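This is what each chain is made of:
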Amino acid sequence: MFFLKLWDALNIDIPILQKHLEKILTSQEMIIREATFIDIEGTALIISRNFDEVMATVHSKPVLDKFKAHNTGNSLLSQLRWKKVYVAVHSGEIVATGAFANFGHLKLLNTRSQSIC
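Residues numbered from 1 in each chain as written. Predicted model: local features only at pLDDT ≥ 70, side-chain atom pairs only at ≥ 80, totals over all residues. Heavy atoms only, no water.

Describing helix α3 (residues 40-53)
(1) Moving on: Compared with the 20 Å implied by 1.5 Å per residue over 14 residues, the 20 Å span of α3 between its first and last C-alpha is a close match.
(2) Moving on: For α3, the complete set of buried residues consists of Ile40, Thr43, Ile46, Ile47 and Phe51. Buried residues of α3, viewed axially, fall in a sector of 135°; they line one side. Exposed residues lying more than 90 degrees from the buried face of α3 are Glu41 and Leu45.
(3) Moving on: In this structure, the buried side of α3 is in contact with α4 (61-69), α5 (73-82), β2 (84-90) and β3 (93-100). (Helix = DSSP H or I, 4+ residues; strand = E, 2+ residues; numbered from the N terminus. Expected span 1.5 Å × (residues − 1). Buried < 20%, exposed > 50% of the residue type's maximum accessible area, 1.4 Å probe, protein only. Arc of directions from axis to C-beta. Contact = heavy atoms within 4.5 Å.)

Here is the structure:
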């Protein structure tokens, strides 16, 4: 119901969107595409699994808890506004996610404290 109200508020043609989503969800090929608000739940699950299954081998529980707190549904929705977030979808399931972000200009210094970039 929430999504229907949101689509209506955004004036999105629901039948066209539904047809597009059905095509994605029934495809047997892996598709990599830019994430949308519809992908928040699946993206959050992938990130949580990464913390629990991969990062837990090298980080303490307090560190993992802090990481997880920064990747809630609301946080991910906010990130969609300023990052380029992508999802890999296979058989209707999000199987991977990644993002690009611009954090500004990086200035590297050499040992004499002179800019080299």
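Looking at the packing of α3 against α5
(1) Moving on: In contact at an axis separation of 10 Å, α3 and α5 are set at 110° when each is read in the N-to-C sense. On the basis of their axis angle, the class for α3 and α5 is roughly perpendicular. The two elements α3 and α5 meet at a crossing, and its hand is right-handed. Here Ile40, Thr43, Ala44 and Ile47 of α3 come into contact with α5, specifically with Gly73, Leu76, Leu77 and Leu80.
(2) Moving on: Per-class residue counts for the contact of α3 with α5 are six nonpolar, two polar and no charged. (Axes fitted to C-alpha atoms, helices over the stretch in contact; angles between N-to-C directions. Parallel < 35°, antiparallel > 145°, perpendicular 65-115°, else oblique. Left-handed = near helix turned anticlockwise from the far one by under 90°. Nonpolar A, V, L, I, M, F, W, Y, C, P; charged D, E, K, R; others polar.)

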